[in-house]
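# Commentary on secondary and tertiary structure
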Amino acid sequence: MLLRKLKDGAGLNREYREWFCYVLLSVVLFMAEFYFPPLFGVLFLISPLPFMLLQYRFGTKSAMYAALTAMLSIYLPDVFEHGMAGAVSQANLVSVLMFVTLFVFTGMLFGTLARAQKSAAGWLLQAIAASLSAKIFLMISLIASTGINPFAMDETIAASVVSAAGSVANISSVQAVKDYVQELAATMKMLLPSMLILYAAADSFCTYKAAGKLLKRKGETLPAFIPFGEWRFPKELSTAVLAALLLKVSEYFASSYAVTMASENLMMVLRAVFTLEGMSVFWYLAGKSRIFKALRLSLLVFSILFLALFTYPYSFVGIVDIWYDLRRLGGKKNESNS
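Right, let's walk through the structure included here. Here the structure is a predicted model, which is why all the values come from computation and not from measurement.

## Let's talk about the overall build of the protein chain
Helix and strand content of the protein chain: 15 helices and zero strands. For the protein chain, buried positions account for 38% of its 338 residues. Contacts in the protein chain between residues at least 24 apart in sequence constitute 71% of all its contacts with a sequence separation of at least 6. Accessible area for the protein chain stands at about 19,200 Å²; split by element, carbon and sulfur atoms hold 69% of it.

## Examining the pattern of salt bridges
Summed over the entire model, instances satisfying the criterion amount to nine salt bridges. In this structure, Glu18 and Arg57 form a salt bridge, with 2.8 Å as the shortest nitrogen-oxygen distance. Of this pair, Glu18 sits in helix 2 (residues 14-35) while Arg57 sits in helix 4 (residues 49-58), placing them 39 residues apart in sequence. Arg57 matches Glu18 in its accessibility class, with the two residues each being buried.

## Some words on a nonpolar patch on the surface
Residues Phe20, Leu24 and Val28 make up a contiguous nonpolar surface patch of about 280 Å² in total accessible area. Mapped onto the secondary structure, Phe20 falls in helix 2. You can call Phe20 partly exposed: its relative accessible area is 43%.

## A few points about the packing of aromatic side chains
For the coordinates displayed, the defined rule picks out 16 aromatic pairs. An angle of 80° between the planes, with centres 5.4 Å apart, marks the rings of Phe30 and Phe99 as edge-to-face. Taken together, the residues Phe30 in helix 2 and Phe99 in helix 7 (residues 90-116) connect sequence positions 69 residues apart. The same class applies to Phe30 as to Phe99, namely buried.

## A few points about the nonpolar core
Within soluble globular proteins, side chains that are nonpolar tend to cluster in buried spots. If you look at the biggest cluster of nonpolar residues, it comprises 45 residues, and the most contacted ones within it are Phe51, Met52, Leu54, Phe99, Trp123, Tyr208 and Leu222. Sorting the residues of this core by element identifies helix 2, helix 3 (40-44), helix 4, helix 5 (60-82), helix 7, helix 8 (120-146) and helix 11 (192-217) as the ones contributing at least two each. With 10 residues, helix 7 is the largest single contributor of residues to this core. Setting aside residues no more than four positions away along its own chain, Phe99 makes contact with Ser26, Phe30, Phe51, Ala70, Met71, Ile74 and Val104.

## Considering the side chain of Ser131
Tracing the backbone shows Ser131 in helix 8. Relative accessible area serves as the criterion here: at 0%, Ser131 is assigned to the buried category. When neighbours within four sequence positions are excluded, Ser131 is seen to be in contact with Thr106, Phe110, Ala200, Asp203 and Ser204.

## Notes on the environment of Ile304
Of note, Ile304 is situated in helix 14 (residues 293-305). When its relative accessible area of 26% is taken as the criterion, Ile304 is described as partly exposed. In this structure the C-alpha to C-alpha distance between Ile304 and Thr275, which are 29 residues apart in sequence, comes to 9.7 Å. The contacts of Ile304, once residues within four sequence positions are left out, are Thr275, Met279, Thr311 and Tyr314.

## Looking at helix 2
At 3.6 residues per turn, the α-helix brings residues three or four places apart onto the same side. End to end, helix 2 covers 31 Å across 22 residues, agreeing with the expected 32 Å (1.5 Å per residue, within 8%). What helix 2 keeps buried is the set Glu18, Trp19, Tyr22, Val23, Ser26, Val27, Leu29, Phe30, Ala32 and Glu33.

Rules used throughout
- Residues numbered from 1 in each chain as written.
- Predicted model: local features only at pLDDT ≥ 70, side-chain atom pairs only at ≥ 80, totals over all residues.
- Heavy atoms only, no water.
- Helix = DSSP H or I, 4+ residues; strand = E, 2+ residues; numbered from the N terminus.
- Buried < 20%, exposed > 50% of the residue type's maximum accessible area, 1.4 Å probe, protein only.
- Contact = heavy atoms within 4.5 Å.
- Areas by Shrake-Rupley, 256 points an atom, 1.4 Å probe, with all protein chains shown as cover.
- Salt bridge = Lys/Arg side-chain N within 4 Å of Asp/Glu carboxyl O.
- Patch = residues over 30% accessible without salt bridge, like charges linked within 9 Å, V, L, I, M, F, W, Y side chains within 5 Å.
- Phe/Tyr/Trp six-rings, centres within 6.5 Å; stacked < 30°, edge-to-face > 60°.
- Core = buried A, V, L, I, M, F, W, Y, C linked by side-chain atoms within 4.5 Å.
- Expected span 1.5 Å × (residues − 1).

Structure follows, in structure tokens:
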């Protein structure tokens, strides 16, 4: 659509300015993740946004031209500064690969799915699969070419986390600190699969919500998610709970790293799912009790961020809610899965 208007002599019209803004936004987001590390986790959650909008608004050809423009904007400055050394620099090529995978490819898939899907829940499931596939491809490519896993936590990063959290002050000796750092790094390595899944779910959801708000200003709407207080996962999820318990029991009979890894990752994903459902129950019942929305949100954020142990009661409530719709305590009559 955009290319056709440019060929017809429309020039720098409104659509072209919008296209250019999305290209610029993608480059700014990508560069900000390197130059402002504290923002990395937040910005990474909406990294597919510009190309999702480009694909959704202008189609594949315009998105591909945008990808080429953005890639050159990232690649060429280092070439101009360092010449041929910059052109073949591993760091420069890795940057382009990360941009193509996490921004361009993922974003264009998100935009294509948004055009095809008629429900937000259906879009989210397919988007998580797309985002996860892109991250796995990037991880395998970088490990094969550089030996570095961009999603894993090594001992250096683990030491920084320990220092930032102030945990060192509670550990008596230097050797104890070293042991704690090694244990943390090993734990994060074991939980890498579940972390990738949860992060794929987070960036898919955040990107969709951000895209919905921006498209609304253009007079277009994406299918909306049902209210958070009505989120319920299907009862079939109880099969996964049974599988997790069997894997946990089998750890005592088979001392296998693969079994332990599968058990821990499945438990982590299920805990996150049931915690989310438990929070949904709290949100619904608190709303029925006429607790202000701002207060409800503050209580949820405080309980998760500052009282991490609350994830256990939330997940327990979520498991119960799978079988017995606790929202009926607040007067809800519909017991179907959402």
